[in-house]
Amino acid sequence: MAAAAPGGAASAELVIGWCIFGLLLLAILAFCWIYVRKYQSQRESEVVSTITAIFSLAIALITSALLPVDIFLVSYMKNQNGTFKDWANANVSRQIEDTVLYGYYTLYSVILFCVFFWIPFVYFYYEEKDDDDTSKCTQIKTAFKYTLGFAVICALLLLVGAFVPLNVPNNKNSTEWEKVKFLFEELGSSHGLAALSFSISSLTLIGMLAAITYTAYGMSALPLNLIKGTRSAAYERLENTEDIEEVEQHIQTIKSKSKDGRPLTARDKRALKQFEERLRTLRKRERHLEYIENSWWTKFCGALRPLKIIWGIFFILVALLFIISLFLSNLDKALHSAGIDSGFIIFGANLSNPLNMLLPVLQTVFPLDYILITIIIMYFIFTSMAGIRNIGIWFFWVRLYKIRRGRTRPQALLFLCMILLLIVLHTSYMIYSLAPQYVMYGSQNYLIESNITYDDHKNNSAFPVPKRCDADAPEDQCTVTRTYLFLHKFWFFSAAYYFGNWAFLVVFLIGLIVSCCKGKKSVIEGVDEDDSDISDDEPSVYSV
C-alpha cells in the first residue's frame, strides 16, 4: 500500500484508516481467544480443536472487516469535488484494486480450506478420539477418509464455476477443441475469479439459510433477553426445593406399595425410575443454583442490570433500522428491478430507506459512515452468535449440541465456527441489499457538465459539477468495490438471495413475537435430563 501515496505524502485519513484496521485485527484476535475460552468445556478442551476454533472465528471476523476497508479505499482515491487525488493515477488505482482483490482471494480461499478440509478433519479426528482403543494413526486415516468427501464437493464447485463461463463462443460451428480452448481462455482471463466466486456463492447460499435460522432469531432474542434479564437465583432455588420435596413424596408413595413384600407392577417400576431420574436432575440444579446464588459474578451482573437494559434498547433500535431498511430495499427491488432473470439487481435506490439516508449524512464527517457499517456488520455477527447460543445446533429435528458457557464440547465449537464462516459470507450481500450504491461506490463523486444560462449575456456556459457515483457514471470516473464483483457474478444466486431476504424478515417477526411471549430465562438454563454438556462437578453461571 506504500505505492498508494508516493514520497511519504499519505494523508492523515489514510493513516488513521490503516491504524483503525490494525487495531481492529488485534481486537478480533483477542475477542476470538476470549470467546472460545469462555464457552469451551474445561473438562473436554483439546489444543487442536481450540486453535482451529480461534483461527476460524478470526478469519470470519477479518473477512467481515474487509468490506468497510474496501469501501474506504475506493472512496479515498477521489476528492469530494469529483476529481481524482494527485497520487491516484491509473497504475496506483489498479494496485489498490488488486491489493483488495487479492485480499478477498486469500480470505475466501482460507474459508474454503477451513469449511471443506480443516474443520471437518479436526471434527472427525476428535470423534475418533472418543474411542480409547483407537491409535493416532487410525484416527488420522479415518478423519482423512471422511474429509475427502468434503474435498470432492469443493473441487466440483470450483470446476463448475471455472468451466461454465458467463460468455459463450459466438461461432456455432466451433469444433470441440475450440470450445475447450475457449473455456481455458475464459478461465485464464478471469484469473480463477469465476471459479472462486461460484464456490463462495454456493457457500453464501448455505450461509443465507443459516442467517435466516440463527441471525434473524438472534436479532430479536438478544435485545429482549438483555432487557428482560434472568430469573432470581434465590426464587428458582425455592421452587426447586419444593419440586424436590414433591418428587421425594411420589417416590416414597411408590416404594410403600412393596413394604408388605408384594412386587411392584411394571407401571410402578417405570414411574419409580422416572421419578428417580427427575430427583437426580433436581438435585443437580440445586447444586448449581446454590453456587450461582453465592457467586460474586452474579452480584456483579446484578449491579450492571441498568447497563444491560440500555444495551438491549440500543440493540433493538439497530435491529429495527436494519429490518426497516431491508424491507424497503427488497420492496424497491420488487417494484423497480428487471425481474428474476437479472437477479433482481438495481443500481441506486428508488425508495429511500433509513440507512441509505443516514450514510450520505455521515459521509461528511470522516469516519462516521465506516463506523456505522462496522457496527452493523459486528451486530450481524453478534446476533448470529446469540441465535446459535439460544437455538443450539440442529440437524433437521435432531439437536446435536448446545452452546453453553464453560461447557461447550469441542465438536460444538467447530460447528459454531463453521456456521459463522458461512453467515459472514452472506453478510456482504445483506449490507449491499441495505445500501447498494454505497457498497458499490462508497462516497465517490464524478464530474458532469451542467449548462448555466446568464440573463445578461443571453448565452449558456458549461460548468462541471460533482455528482454521486452511480450506474450511469463513466467507468474511468468511478471505481467499483471488489466486493461487488463477488456478489453478482451469477444472477441466479442474486435471485436466491433476494427471496432469502424476504424469508429473513418473516423469521425475524416470528422470533420477535416468540421472544416477547417467552418469560425470563432461567439463570441455569440448560440443566436438564438430556444435557450432555453439564457435569456434576462443573458449576457455572449461565446468565446472558
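Okay, so let's go over this structure. (Residues numbered from 1 in each chain as written. Predicted model: local features only at pLDDT ≥ 70, side-chain atom pairs only at ≥ 80, totals over all residues. Heavy atoms only, no water.)

Quick notes on empty space enclosed by the protein
Reasoning step 1: The full count for this structure, using the stated rule, is two cavities of 30 Å³ or more.
Reasoning step 2: Empty space within the second largest cavity amounts to approximately 40 Å³.
Reasoning step 3: Lining the second largest cavity are Tyr217, Ala221, Asn225, Lys228, Asn390, Ser515, Lys518, Gly519 and Lys521.
Reasoning step 4: Counted by class, the lining of the second largest cavity contains two nonpolar, four polar and three charged residues. (1 Å grid on protein atoms, 1.4 Å probe; cavity = no way out; pocket = protein on both sides within 12 Å on 5 of 7 lines; lining within 4 Å. Points joined across faces, edges and corners; volume = space filled by probe spheres on them. Nonpolar A, V, L, I, M, F, W, Y, C, P; charged D, E, K, R; others polar.)

Concerning the nonpolar core
Reasoning step 1: Grouped together as the largest cluster of nonpolar side chains are 118 residues, with contacts concentrated most on Phe322 and Phe504.
Reasoning step 2: Here this core gets 19 residues from one element, more than from any other, and that element is helix α3 (residues 90–129).
Reasoning step 3: The residues touching Phe504, leaving out its near neighbours within four places in the chain, are Ala211, Ile212, Thr215, Ala216, Met219, Phe322, Ile323, Leu326, Phe380 and Met430.
Reasoning step 4: Within the second largest apolar cluster, eight residues are counted, among which are Val247, Leu264, Leu272 and Leu279. (Core = buried A, V, L, I, M, F, W, Y, C linked by side-chain atoms within 4.5 Å. Buried < 20%, exposed > 50% of the residue type's maximum accessible area, 1.4 Å probe, protein only. Helix = DSSP H or I, 4+ residues; strand = E, 2+ residues; numbered from the N terminus. Contact = heavy atoms within 4.5 Å.)

Comments concerning the packing of aromatic side chains
Reasoning step 1: On inspection of all chains with the given rule, the structure shows 26 aromatic pairs.
Reasoning step 2: Among the aromatic residues, those joined into a ring-pair cluster are Phe113, Phe117, Trp118, Phe121 and Tyr125.
Reasoning step 3: Here the guanidinium or amino end of Lys145 rests over the ring plane of Tyr146, the centre of that ring lying 5.3 Å away. (Phe/Tyr/Trp six-rings, centres within 6.5 Å; stacked < 30°, edge-to-face > 60°. Lys NZ or Arg CZ within 6 Å of the ring centre and 35° of its normal.)

Concerning the layout of surface pockets
A water-sized probe, rolled over the atoms, reveals where empty space remains.
Reasoning step 1: By volume, the second largest pocket amounts to about 790 Å³.
Reasoning step 2: Together, 27 residues line the second largest pocket, and Ile206, Phe415, Met418, Ile419 and Leu422 are the ones closest to its centre.
Reasoning step 3: Mapped by element, the contributors of at least two residues to the lining of the second largest pocket are α3, α4 (136–163), α6 (193–228), β1 (393–395) and α13 (410–434).
Reasoning step 4: Of the residues forming the lining of the second largest pocket, the biggest block, seven residues, is contributed by α6.
Reasoning step 5: Its residues placed into classes, the lining of the second largest pocket shows 24 nonpolar, three polar and no charged.

Observations concerning the environment of Val110
Reasoning step 1: Within the secondary structure, Val110 sits in helix α3.
Reasoning step 2: Once the C-alpha coordinates of Val110 and Ser56 are considered, the two residues, 54 residues apart in sequence, prove to be 9.0 Å apart.
Reasoning step 3: Not counting chain neighbours up to four residues away, the residues in contact with Val110 comprise Phe55 and Ile59.

Section: the environment of Lys145
Reasoning step 1: With respect to the element layout, Lys145 can be found in helix α4.
Reasoning step 2: Given the relative accessible area of 52%, Lys145 is considered exposed.
Reasoning step 3: In this structure the C-alpha to C-alpha distance between Lys145 and Phe124, which are 21 residues apart in sequence, comes to 9.3 Å.

Distances and angles like these do not, on their own, reveal function.
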